[in-house]
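Tertiary structure, described
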Amino acid sequence: MTDLPTRRSRRLAAVSQASAAAPAEASGRRRDRQRGTPVDQRTRVMGILNVTPDSFSDGGLHQAYDAAVQHARELVAAGADIVDVGGESTRPGSERVPVEVEQERVLPVVQQLVAEGITVSVDTMNAATAERSVELGAAIVNDVSGGLADPDMARVVRDTGAGFVVMHWRGHSDRMYRNAEYVHAVEEVRREVELRVAELIVLGVRQEQVVIDPGLGFAKQGVQNWEILAGYEHFASIGLPVLVAASRKRFLDGIGSAAGAPPKDRDLATAAISLLSAERGAWGVRVHDPAPTRAVLDVWDAWRAARS
């Protein structure tokens, strides 16, 4: 694996970035000069960077280091506030990869993006990868298991002070749909997310570090995802920032595009969900193509600014 330095200054920078990009933000209500909207009220756009050979939408396109770094720059140019770097696919049916392989893919990219001043999130279920990434300057750990896949994750998040996206999770991707059984999906997912956050707080993670993600597409079938979206207020009522991650997922097939079309044709439907999420106060939306989402959010910001 590429030999990367570990520096205390990187860790301190990560904590500083986390306080700016994650929920523990300054209380001052600065206004974006272009949009007139308070910065702490803007919904963040998290751009997806899959440094993998097998992700469901863009696997293999950005696996090489140079391609990954260039795509990250393109994500930012298209409107991403945060770049979420992942080295392990969590598409339905995918199998785990060795942590060493994940780190070979992710760490050099994280280091370079941080050096360029890009706010980085690391998409990982491995505590070791999360810790190295934060040491290199990543501001946020985005764990689709909410810390359940690796019992050391809570310690890493607690000790580094990084922001922590806690997703609803019912098992790894190779078996998650076996667990997609709910009587009342919204109520059950909300209860499980709230319980997981409580467990993390007991383990020393601070509440202000946490962003919750209801886990669209993970252990949820078709209509269950729409129920989760329609029940957004139930998750917001937990009192923590909410990340909505619907981008290009299977339940969007045939919505705004032809049924069976490639996943990238779901970007307009993704942007519509981004707008509806922003209207409801979402902390962030996670997307493959920031441009259409940035456009609709800029319209929403201008609309709100005109009313204020």
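Refer to the structure above for everything that follows.
Not measured: the values here are computed from a predicted model. (Residues numbered from 1 in each chain as written. Predicted model: local features only at pLDDT ≥ 70, side-chain atom pairs only at ≥ 80, totals over all residues. Heavy atoms only, no water.)

1. Notes on the side chain of Arg44
- Looking at where Arg44 falls in the secondary structure, it is placed in strand E1 (residues 44-50).
- Relative accessible area serves as the criterion here: at 10%, Arg44 is assigned to the buried category.
- A distance of 3.1 Å separates a polar side-chain atom of Arg44 from the backbone oxygen of Arg42. (Helix = DSSP H or I, 4+ residues; strand = E, 2+ residues; numbered from the N terminus. Buried < 20%, exposed > 50% of the residue type's maximum accessible area, 1.4 Å probe, protein only. Polar contact = N/O pair within 3.5 Å; in protein donor to acceptor, adjacent residues only side chain to side chain.)

2. A closer look at the nonpolar core
- In terms of nonpolar packing, the biggest core is built from 63 residues, with Leu49, Val85, Leu113, Ile212 and Val244 touching the most fellow members.
- Not counting residues within four places of it along the chain, the set of residues in contact with Ile212 comprises Val166, Val193, Val197, Phe235, Ile238, Leu240, Pro241, Val242 and Leu243.
- Grouped together as the second largest cluster of nonpolar side chains are eight residues, Met46, Ile140, Leu243 and Trp283 included. (Core = buried A, V, L, I, M, F, W, Y, C linked by side-chain atoms within 4.5 Å. Contact = heavy atoms within 4.5 Å.)

3. Here we look at the packing of aromatic side chains
- Tallied over the entire structure, the rule returns one aromatic pair.
- When the centroid spacing of 5.1 Å and the interplanar angle of 85° are considered together, the rings of Trp226 and Phe251 count as edge-to-face. Of this pair, Trp226 sits in helix H7 (residues 222-230) while Phe251 sits in the loop between strand E7 (243-244) and helix H9 (267-279); the two residues are 25 residues apart in sequence, bridging distant segments of the chain.
- Look at Trp226 and you get partly exposed, because its relative accessible area is 34%.
- Taking relative accessible area as the criterion, Phe251 reaches 10% and is therefore assigned buried. (Phe/Tyr/Trp six-rings, centres within 6.5 Å; stacked < 30°, edge-to-face > 60°.)

4. Some words on the pairing of strand E4 (residues 140-143)
- By the alternation rule, side chains of E4 split into Ile140 and Asn142 and Val141 and Asp143, which are all buried.
- As judged from the three bridges shared by strand E3 (residues 120-123) and E4, these two strands associate in the parallel manner. Bridged to Val122 within E4 is Val141.
- Between the parallel pair E3 and E4, the chain is carried across by helix H4 (residues 127-135), and the sense of this crossover is right-handed.
- Of the pairings in the sheet, the one linking E4 to strand E5 (residues 163-167) comprises four bridges and is parallel in character. In the strand pairing of E5, Ile140 is matched with Gly163.
- A crossover links E4 with its parallel partner E5, the connecting element being helix H5 (residues 153-160), and its sense is right-handed. (Pairing = 2+ DSSP bridges. Right-handed = clockwise from strand over helix to strand, strands pointing away.)

5. Observations concerning the sheet that holds E3
- Strand order in the open sheet formed by eight strands is E6-E5-E4-E3-E2-E1-E8-E7, and the pairing between neighbours is parallel. At either margin of the open sheet sits one strand with a lone partner, and together these are strand E6 (210-213) and E7.
- Pairing analysis gives five bridges linking E1 to strand E2 (residues 82-86), with the strands arranged parallel. Within the sheet, the bridge partner assigned to Asn50 lies in E2 and is Gly86.
- Contacts between H9 and the sheet are confined to E7 and strand E8 (284-287), with E8 contributing the most and set at about 170° to the helix. (Axes fitted to C-alpha atoms, helices over the stretch in contact; angles between N-to-C directions.)

6. Thoughts on empty space enclosed by the protein
- Taken as a whole, this structure holds one cavity of 30 Å³ or more when the rule is applied.
- Roughly 50 Å³ of volume is contained in the largest cavity.
- Taken together, Pro214, Leu216, Ile228, Leu229, Tyr232, Phe235 and Val244 form the lining of the largest cavity.
- For the lining of the largest cavity, a count of residues per class yields seven nonpolar, no polar and no charged. (1 Å grid on protein atoms, 1.4 Å probe; cavity = no way out; pocket = protein on both sides within 12 Å on 5 of 7 lines; lining within 4 Å. Points joined across faces, edges and corners; volume = space filled by probe spheres on them. Nonpolar A, V, L, I, M, F, W, Y, C, P; charged D, E, K, R; others polar.)

7. Describing the packing of helix H3 (residues 99-115) against H4
- Packing of H3 against H4 brings their axes to within 10 Å, and their N-to-C directions diverge by 15°. The angle between H3 and H4 falls in the class roughly parallel. Of the two elements, H3 crosses H4, and the hand of that crossing is right-handed. Packed against H3, whose contacting residues are Val99, Glu102, Gln103, Val106, Leu107 and Val110, the element H4 presents Ala128, Thr129, Arg132 and Ser133 at the interface.
- Of the residues belonging to the contact of H3 with H4, the class tally is five nonpolar, three polar and two charged. (Parallel < 35°, antiparallel > 145°, perpendicular 65-115°, else oblique. Left-handed = near helix turned anticlockwise from the far one by under 90°.)

8. Observations concerning a nonpolar patch on the surface
- Among the surface-exposed residues, Val223, Trp226 and Ile255 lie close enough to one another that they form a single nonpolar patch of about 270 Å² accessible area.
- Given a relative accessible area of 39%, Ile255 falls into the partly exposed group. (Patch = residues over 30% accessible without salt bridge, like charges linked within 9 Å, V, L, I, M, F, W, Y side chains within 5 Å. Areas by Shrake-Rupley, 256 points an atom, 1.4 Å probe, with all protein chains shown as cover. Salt bridge = Lys/Arg side-chain N within 4 Å of Asp/Glu carboxyl O.)

9. Details of the pairing of E8
- Neither face of E8 is exposed, since Gly284 and Arg286 on one face and Val285 and Val287 on the opposite face are all buried.
- Looking at chain direction, E1 and E8 are connected through four bridges and run parallel. Counterpart to Arg44 in the pairing with E8 is Gly284.
- Between E7 and its parallel partner E8, the chain crosses via H9, and the hand of that crossover is right-handed.

Note that all results are geometric; they support no functional claim without further evidence.
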